[in-house]
Each structure stands twice: as C-alpha cells, then as structure tokens.
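# Structure at a glance
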Amino acid sequence: MTKENPAQRFMRATGKLRAIFGPANRSALGHEMTERNRQLLTQRQAETQQWETLRRPDGSTYVVPRNPDDKSLR
C-alpha cells in the first residue's frame, strides 16, 4: 500500500463531513506532469512575471505592469 499524502489523509478523515457539505475532487495527486501541463505552467509563470504588486499605506494591495510598454503577454 502506498503512503497517503496529507491531502489524502484529510479527505479520508473528513469523509462524513463531505457527505453533508458536498464532495471534493478526489483525483490522483501523485502523478507526473504531462508535457502540456509543463508548457502551461511555464506560460503562467511568464505571465505572472509581468506584474508587480504594490501595497498602499492602508495595507491593501494592487497590481501594476512592471513595464507598461511591454504588450507581449497581454
């Protein structure tokens, strides 16, 4: 038997609660990434690099483009 990861143990421990509040996705978590998923991950990481998070004095945050002239990913 394979060792359960923390997410799987949580799912098993909360089984009765999920019966009341609704099911959660129970797909395999320990699989290898496909080539398509690797490409999507690389693309998403590149997209996040174009933004910068700024914090206002009141503690709220907002994002602005790092380089307003770069339209490559927008």
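Everything in this summary refers to the structure shown in the same document. Numbers given for residues are sequential positions, taken from 1 along each chain in its written order. Local features in this predicted model are restricted to residues whose pLDDT is 70 or higher, and side-chain atom pairs enter the listing and the counts only when it is 80 or higher, whereas totals over whole chains, interfaces and linings include all residues. Note: side-chain values were computed over all heavy atoms of the structure, leaving out hydrogens and water.

## Thoughts on the overall build of the chain
Strands here mean DSSP runs of E at least two residues long; helices mean DSSP runs of H or I at least four residues long; both are numbered from the N terminus. Along the chain, the regular secondary structure elements total three helices and two strands. Each helix (α) and strand (β) of the chain, taken in turn from the N terminus, gives the series α-α-α-β-β. For the chain, buried positions account for 5% of its 74 residues. Any pair of residues with heavy atoms lying within 4.5 Å of one another is described as a contacting pair. Sequence separation of 24 or more characterises 10% of the internal contacts of the chain that already satisfy a separation of 6 or more. When the accessible area of the chain is evaluated, it comes to approximately 6800 Å², of which 55% is carbon and sulfur surface. Working definition: with a 1.4 Å probe on protein chains only, accessible area under 20% of the residue-type maximum means buried, over 50% means exposed, and in between means partly exposed. Computed with a 1.4 Å probe, the accessible areas rest on the Shrake-Rupley method; for each residue, only the protein chains presented here act as cover.

## What to know about the pattern of salt bridges
Salt bridge, as applied in this entry: a Lys or Arg side-chain nitrogen positioned within 4 Å of an Asp or Glu carboxyl oxygen. Scanning the model with the defined rule gives three salt bridges in all. Among the salt bridges present, the one from Glu35 reaches Arg38, with a minimum N-O distance of 3.9 Å. Remark: Arg38 and Glu35 occur in helix H3 (residues 35-48); sequence separation between them is three residues, near one turn of the helix. Judged by relative accessible area, which is 52%, Glu35 ranks as exposed. Of the charged contacts in the structure, one is a salt bridge between Arg44 and Glu47, with a shortest N-O distance of 3.8 Å. Within this pair, Arg44 and its partner Glu47 are both found in helix H3, separated by three residues, close to a single helical turn. Residue Arg44 is classed as partly exposed on the basis of its relative accessible area of 44%.

## So, the pairing of strand E2 (residues 61-65)
When DSSP finds at least two bridges between two strands, those strands are taken to pair. As defined by bridge partners, strand E1 (residues 51-55) adjoins E2 across five bridges and the pair is classed as antiparallel. If you follow Glu52 over to E2, its bridge partner there is Val64.

## Overview of the side chain of Thr14
Considering the arrangement of structural elements, one finds Thr14 in the loop between helix H1 (6-13) and helix H2 (15-21). The class of Thr14 is buried, set by a relative accessible area of 14%. Within the local environment of Thr14, its side chain forms a polar contact with the backbone oxygen of Phe10, the two atoms lying 2.8 Å apart. Any pair of nitrogen or oxygen atoms within 3.5 Å is treated as a polar contact; in protein, a donor-acceptor pairing is required on top of that, and neighbouring residues in sequence qualify only through side-chain atoms on both sides.

## Section: a nonpolar patch on the surface
Patch rule: a residue counts if its relative accessible area is over 30% and it has no salt bridge; like charges are joined within 9 Å, and nonpolar side chains (Val, Leu, Ile, Met, Phe, Trp, Tyr) within 5 Å. A contiguous nonpolar patch, built from Leu17, Ile20 and Phe21 and spanning about 390 Å² of accessible area, is present on the exposed surface. Inspection of the secondary structure puts Ile20 in helix H2. In this structure Ile20 comes out as exposed when scored by relative accessible area, which is 66%.

Fair warning: the whole summary comes from geometry, so function is off the table for now.
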